[in-house]
There are 2 protein chains.
Amino acid sequence: MKVISEVTSHGGMQGVYSHESKACNCEMTFAVFVPPQAIERPCPVLWYLSGLTCTHANVMEKGEYRRLAAELGLIIVCPDTSPRGNDVADELTNWQMGKGAGFYLDATEAPWAEHFQMYTYITVELPALIGATFRADMQRQGITGHSMGGHGALTIALKYPDRFKSCSAFAPIVQPSTADWSAPAFEKYLGPDQSTWRKYDAVSLVEDGAVFPEFLIDQGLADGFLQTGLRPWLFEEAIEKTEMKLTMRNHERYDHSYYFISSFMEDHLKWHSERLGK
Amino acid sequence: MKVISEVTSHGGMQGVYSHESKACNCEMTFAVFVPPQAIERPCPVLWYLSGLTCTHANVMEKGEYRRLAAELGLIIVCPDTSPRGNDVADELTNWQMGKGAGFYLDATEAPWAEHFQMYTYITVELPALIGATFRADMQRQGITGHSMGGHGALTIALKYPDRFKSCSAFAPIVQPSTADWSAPAFEKYLGPDQSTWRKYDAVSLVEDGAVFPEFLIDQGLADGFLQTGLRPWLFEEAIEKTEMKLTMRNHERYDHSYYFISSFMEDHLKWHSERLGK
């Protein structure tokens, strides 16, 4: 693992690191905030998965998570959203496919499968590195994310209910397999057999019996992607048919940007901290 | 005035605007955060002046001021650091001169004087526009800034002790007329007669009898510009010979970045709010 930068902030350390990823078959970059409490004891870990076009840096710069994470003693892990590098397949004029658009799945189709293994990267390879490198209590992990990263957080929590004690999302894509901006990517990454798409789709996972105790979702009602891309009501409808709990908060006037995310970031950190313990 | 963007955040409105500046003889862009309290009453104004290479956007994206400004009811005004445009003089390979390096002074020398009138812009033209456009209580203004912007905040407060009720700075350049990274710019903007430089130099202003009641300065001790560029002890030494008060806080491990600024931003907002009233 290489240290790209380590900077003191809010009494803790905001680091950026890179490593050779076996899953993605390329060098991957990620950000980790370590709170001051980690000097004394292992701290719980909150994963933040970012949205389309983002890298690790967007939330690190604009997410406004450090003040309260330093108070609550949370390690915040912010991975990249796709494999990177000159030999990684891409569609240069399509921001919904390829680099910046990994959709937290393991691609099976050429030319994508060679590098686009973000599901294995996020659920296997990177957690092992985080657990081995930082003073992290891996028995206490939560997961959140924004938009495509909200999709990642919901689907991964539903697949790993024993690993994650808490899950939330900002404006998540709840049913990517049928949304305009994600279904084409799913077909290219996973092929035309839509039965293989269901394990990467939060609504389908709930319909197929996956269980996670409770979710928090914040959604802005001035979000331009709400009607055709995000459609959180599909998740609400699926959850209503189960024993699971969903706290769904809709916010007048808020859009899809980090001005929205940062406004509610501290509520999410509190949500996770209450479930992860201090 | 043109609206570039207006986005809801933390219950208030983060806006970006542009206008034709008479002082700078070009189009200028600035950011204003309006807290939710402005719906009910005029709110006090805190000016934030940015450092070398910055625009209005750096602190808007990374400064983490909105959460507490929305709670305290502060309007935050973030101007650009220089005139902009294709016909504005510049030194393309020198980040300490020209665009992004206006030093909050009125240039007298060619080719700079045609546009580089940032002192008049910040002290006359933009306040008039803010007062006429936003629900701002211009009887309650404070001023802060970072690095070159800290220089701007200190010098402008010392020149306008009746206008500003509070002044603070993050890692300010306290004596730009003798610092490596600013003295060459002063000579180009103002000419070789150094007596004209003193009104744009905080230490010189104090030596020459300017008075402001009290200052708050935060400085990181891992700041790479501390020894040759910033040298806050020169301001401390000048202040000690007067009746003025200075709260000087040095912070181990902190650098010159927005990770430092954002760590102490809320302390500064409280400092100003206590002196401006709610």
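A quick note: this is a predicted structure, and the numbers were derived from the prediction, not measured.

1. Topic: the relation of the copies chain B and chain A
In screw terms, the move from chain B to chain A is a rotation of 180 degrees and a rise of 0.0 Å along the axis, fitting with an RMSD of 0.0 Å. This pairing of chains is accounted for by a two-fold axis. A share of 100% of the interface residues of chain B reappears at the interface of chain A, consistent with the copies meeting face to face through the same patch.

2. Points about the side chain of S21 of chain B
Residue and element names in this part refer to chain B. Positionally, S21 belongs in strand β2 (residues 12–21). For S21, the side chain forms a polar contact with the main-chain nitrogen of C24, separated by 2.9 Å. Setting aside residues no more than four positions away along its own chain, S21 makes contact with C26, M28, Y121 and E125.

3. Description of the sheet that holds strand β7 (residues 164–170) of chain A
Residue and element names in this part refer to chain A. The strand order across the open sheet formed by nine strands is β1-β2-β3-β5-β4-β6-β7-β8-β9, and the pairing between neighbours is mixed. Among the strands making up the open sheet, the edge pair consists of β1 (2–9) and β9 (245–251). Across this sheet, the average inter-strand angle for adjacent strands is 20 degrees, counted without regard to direction. The pairing of strand β4 (residues 43–49) with strand β6 (residues 136–145) spans six bridges and is classified as parallel.

4. Some details on unusual backbone geometry
Cis geometry marks the peptide bond from A110 of chain A to P111 of chain A; its omega dihedral reads 0 degrees. For Y104 of chain B, which is not glycine, the phi torsion reads 55 degrees and is therefore positive. Tracing the sequence through the fold places Y104 of chain B in the loop between β5 (75–79) and α3 (118–133). On the basis of relative accessible area, Y104 of chain B is assigned to the buried category, the value being 0%. One non-glycine residue, S147 of chain B, lies in positive phi territory at about 60 degrees. Its place among the elements puts S147 of chain B in the loop between β6 (136–145) and α4 (148–159).

5. Details of helix α3 (residues 118–133) of chain A
At L126 of chain A, α3 of chain A shows its strongest bend, of approximately 35 degrees, with the proline P127 of chain A following within four residues. Among the structural elements, β2 (12–21), β3 (26–34), β4, β5 (75–79), β6 and α4 (148–159) of chain A are those in contact with the buried residues of α3 of chain A.

6. Topic: the packing of aromatic side chains
Residues and elements named next belong to chain A. According to the stated counting rule, one finds 38 aromatic pairs over all chains in the structure shown. Relative to Y189, the ring of W112 has its centre 5.7 Å away and its plane inclined at 80 degrees; by these criteria the two rings are edge-to-face. A residue pair is termed long-range when its members are at least 10 positions apart, and W112 in the loop between β5 and α3 and Y189 in helix α5 (residues 183–190) qualify at 77 residues. For W112, a relative accessible area of 6% translates into the label buried.

7. Focus: the pairing of β2 of chain B
Residue and element names in this part refer to chain B. Burial analysis of β2 places eight of its ten residues in the buried class, which makes it a mostly covered element. Where strand β1 (residues 2–9) meets β2, seven bridges bridge the pair, whose relative direction is antiparallel. Opposite V3, over in β2, you have Y17 as the bridge partner. Two successive antiparallel strands, β1 and β2, enclose a turn made up of two residues, where H10 displays a positive phi of approximately 50 degrees. Bridge count for β2 against strand β3 (residues 26–34) is nine bridges, and the pairing is antiparallel. Bridged to S21 within β3 is C26. Counted between consecutive antiparallel strands, the loop separating β2 from β3 contains four residues, among which N25 sits at a positive phi close to 60 degrees.

8. Quick notes on the pattern of salt bridges
In this structure the tally under the stated criterion is 28 salt bridges over all chains. With a shortest N-O distance of 2.8 Å, R275 of chain A and E214 of chain A are connected by a salt bridge. Placement of the pair is R275 of chain A in helix α9 (residues 258–276) and E214 of chain A in strand β8 (residues 214–220), with a sequence separation of 61 residues. Relative accessible area serves as the criterion here: at 25%, R275 of chain A is assigned to the partly exposed category. We classify E214 of chain A as partly exposed; its relative accessible area is 23%. Across the pair E266 of chain A and R67 of chain B runs a salt bridge whose closest N-O atoms are separated by 4.0 Å. Note that E266 of chain A is positioned in helix α9 and R67 of chain B in helix α2 (residues 66–72), a pairing that runs across two chains. Assessed through its relative accessible area of 10%, E266 of chain A is described here as buried. Its relative accessible area of 23% is what places R67 of chain B among the partly exposed residues. Taken together, the shared-partner salt bridges in this structure form one network comprising R67, E71 and E266 of chain A together with R67, E71 and E266 of chain B.

9. A closer look at the side chain of S21 of chain A
The class of S21 of chain A is buried, set by a relative accessible area of 4%. In terms of polar contacts, S21 of chain A uses its side chain to reach the side chain of E125 of chain A, at 2.7 Å.

10. Here we look at the UniProt feature "active site" (unreviewed entry) in chain A
Residue and element names in this part refer to chain A. The sites that UniProt annotates as "active site" (unreviewed entry) are S147, D223 and H256. With the annotated positions falling across 110 residues, the maximum pairwise C-alpha distance of 10.8 Å places them together in a single cluster. Those residues within four positions of S147 in sequence are excluded, and the remaining contacts are G51, F170, A171, P172, I173, W181, L230 and H256. By the secondary structure assignment, H256 is in the loop between β9 and α9. Not counting chain neighbours up to four residues away, the residues in contact with H256 comprise H146, S147, A171, W181, D223, F225 and L230.

11. Description of the interface of chain B and chain A
The interface is formed by 21 residues belonging to chain B together with 21 residues belonging to chain A. Of the roughly 2000 Å² buried at the junction of chain B and chain A (both faces included), carbon and sulfur atoms supply 45%. When the buried surface of chain B facing chain A is broken down by residue, T8, E64 and Y259 of chain B rank first, second and third, together holding 34% of it. Joining chain B to chain A, the criterion identifies four salt bridges. Put simply, R66 of chain B and E64 of chain A hold a salt bridge, and the shortest N to O gap is 3.3 Å. Linking chain B with chain A are 18 residue pairs in polar contact (both at pLDDT 80 or more), by the criterion used here. Those elements giving two or more residues to the side of chain B that touches chain A turn out to be β1, α1 (57–62), α2 and α9 (258–276) of chain B.

The rules behind each value
Residues numbered from 1 in each chain as written. Chains lettered and ligands numbered in written order. Predicted model: local features only at pLDDT ≥ 70, side-chain atom pairs only at ≥ 80, totals over all residues. Heavy atoms only, no water. Least-squares fit on C-alpha atoms with pLDDT ≥ 70 in both. Contact = heavy atoms within 4.5 Å. Helix = DSSP H or I, 4+ residues; strand = E, 2+ residues; numbered from the N terminus. Polar contact = N/O pair within 3.5 Å; in protein donor to acceptor, adjacent residues only side chain to side chain. Pairing = 2+ DSSP bridges. Axes fitted to C-alpha atoms, helices over the stretch in contact; angles between N-to-C directions. Buried < 20%, exposed > 50% of the residue type's maximum accessible area, 1.4 Å probe, protein only. Bend = angle between axes of the 7 residues up to and from the residue. Phe/Tyr/Trp six-rings, centres within 6.5 Å; stacked < 30°, edge-to-face > 60°. Salt bridge = Lys/Arg side-chain N within 4 Å of Asp/Glu carboxyl O. UniProt positions renumbered as here; feature names shortened; annotations may be inferred. Buried area = accessible area lost by both parts, 1.4 Å probe.

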